[in-house]
Amino acid sequence: MLRAAVLASGNGSNLQALIDACAASGFPAKIAVVASNVPGAFALERARKAALPTVVLDHRPFPSREDYDRALVAALQAHDVELVCLAGFMRLLTGVFLGAFPSRVINIHPALLPAFPGMHGVRQALASGVRISGCTVHVVDEGTDTGPIIAQAAVPVLPSDDERTLAERIHREEHALYPAVLRLWGEGKVRVVGRQVQVEGAPSALSLRNPSG
Ligand code: GRF
């Protein structure tokens with residue numbers, strides 16, 4: 001059984017989707033710990049409700065990002081974590097963290113990368129006039145949303161959309177895509193080879209599931 005950590009700074013709806021997926025019998029992964037840098041994050045409430053161990057590590061007292069990452073690594077290693085899933089974790093991770101979990105940190109982003117990386121993927125997609133957007137699960141590297149892509153799901157961008165409606169549509173896809181990737185990872189079907197990700201049994205990342213729109 002794959003031991004995953006979920007790191008979240010906010011609402012944690014993706015965390016909830018992962019919690020719910022892991023509760024299904026036969027699911028090949030479990031959430032070993034939920035960590036947050038925000039003491040009041042609702043994600044922590046969700047974790048406690050699901051009786052999952054939590055780590056609250058406020059970044060503010062730490063003199064540097066590296067110091068913070070060292071402490072976070074130690075906290076996760078104490079729970080024998082094998083895979084780290086970022087789910088709205090609003091901090092850039094340094095080489096200290098990524099080196100401790102090489103090619104084993106993944107993130108979900110609300111756009112079809114490499115388009116619209118960064119904090120405002122939904123807003124930028126709308127502003128750009130694209131007719132299709134979506135979400136991406138990718139391996140984390142030291143850039144901002146630049147790591148190798150594991151899986152994507154697409155949604156239409158409708159003429160009537162504002163940021164809220166498009167974000168909601170994308171969120172629905174996120175809540176299916178992230179658990180699907182965790183399952184594949186737990187089944188040993190995801191291999192990261194340099195900048196490429198091979199997903200066994202899925203001829204392309206997009207074929208993991210059909211976007212429902
Ligand atoms: C999601 O849209 C995810 O793509 C981005 O942060 C958001 C987190 O939402 N990285 P939630 O906290 O899981 O509801």
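Once a new chain begins, its residue numbering starts again from 1 and follows that chain's sequence as written. Totals for whole chains, interfaces and linings use every residue, but because this is a predicted model, local features are given only for residues with pLDDT of at least 70 and side-chain atom pairs only at 80 or more, for both listing and counting. The side-chain values count all of the structure's non-hydrogen atoms but skip hydrogen atoms and water molecules.

### Brief notes about unusual backbone geometry
- In this structure, the amide linkage connecting L113 to the following residue, P114, adopts the cis form with an omega of 10°.
- Numbering of helices and strands runs from the N terminus; a helix is a DSSP stretch of H or I covering at least four residues, while a strand is a stretch of E covering at least two. Relative to the helices and strands, P114 resides in the loop between strand 5 (105–109) and helix 5 (121–128).
- Of note in the backbone geometry, F116 takes a positive phi value of approximately 60° without being a glycine.
- Structurally, F116 can be placed in the loop between strand 5 and helix 5.
- The backbone of D145 sits at a positive phi, close to 60°, despite the residue not being glycine.
- Along the chain, the position of D145 falls in the loop between strand 6 (132–139) and strand 7 (149–156).

### Considerations on helix 5
- Among the residues making up helix 5, those that are buried are G121, V122 and A125. Looking straight down helix 5, one finds its buried side chains confined to an arc of 100°; they lie on one side.
- Working rule for contacts: check all heavy atoms of both residues, and any pair within 4.5 Å makes them a contact. Contacts from the buried residues of helix 5 go to strand 5, strand 6 and helix 6 (163–186).
- Just beyond helix 5, the residue with positive phi is G129, at close to 85°. Think of it in three bands: with a 1.4 Å probe and only protein chains considered, a residue is buried below 20% of the maximum accessible area for its type, exposed above 50%, and partly exposed in between. To be clear, the arc concerns the directions from the helix axis to the C-beta atoms.

### Regarding the side chain of S133
- Tracing the chain through its elements places S133 in strand 6.
- Overall, S133 belongs to the buried group, its relative accessible area being 2%.

### Here's the deal with the site of the ligand
- By nearness alone, every residue bordering the ligand is listed as N11, G12, S13, N14, G88, I108, H109, P110, H171 and E174.
- G12 has a polar backbone atom sitting 2.8 Å from an oxygen atom of the ligand.
- The Shrake-Rupley method, run with a 1.4 Å probe, gives the accessible areas here. Residue values count only the displayed protein chains as cover. Contact with the protein chains hides 83% of the accessible area of the ligand, taken as 370 Å² for the molecule alone.
- Using only the protein atoms, space was sampled on a 1 Å grid; points where a 1.4 Å probe fits but cannot get out form cavities, open sets with protein on both sides within 12 Å along at least five of seven lines form pockets, and lining residues are those with an atom within 4 Å of a point. A pocket or cavity is taken to hold a molecule when more than half of that molecule's atoms are within 2 Å of the pocket's grid points. Under a 2 Å grid-point criterion requiring more than half of the atoms, the pocket assigned to the ligand is the largest pocket.
- Elements with a contribution of two residues or more to the shell around the ligand: helix 1 (13–22), strand 5 and helix 6.
- Residues belonging to the shell around the ligand are distributed by class as follows: two nonpolar, seven polar and one charged. The criterion for a residue being near a molecule or strand is simple. One of its heavy atoms has to lie within 4 Å of it. Any pair of nitrogen or oxygen atoms within 3.5 Å is treated as a polar contact; in protein, a donor-acceptor pairing is required on top of that, and neighbouring residues in sequence qualify only through side-chain atoms on both sides. Ten residue types, Ala, Val, Leu, Ile, Met, Phe, Trp, Tyr, Cys and Pro, are classed as nonpolar, four, Asp, Glu, Lys and Arg, as charged, and the remainder, Gly among them, as polar.

### Description of the packing of aromatic side chains
- Think of it this way: a Phe, Tyr or Trp ring, Trp meaning its six-membered ring, pairs with another when their centres are within 6.5 Å, and the plane angle makes it stacked under 30 degrees, edge-to-face over 60, tilted otherwise. Taken as a whole and assessed by the stated rule, the structure comprises two aromatic pairs.
- Judged by centre distance (5.3 Å) and plane angle (85°), the ring pair of F62 and Y68 falls under edge-to-face.
- F62 sits in the partly exposed class, given a relative accessible area of 26%.
- For Y68, a relative accessible area of 0% puts it in the buried group.
- Note on F97 and F101: the rings are 5.3 Å apart at their centroids and 45° apart in plane angle, and the pair reads as tilted.

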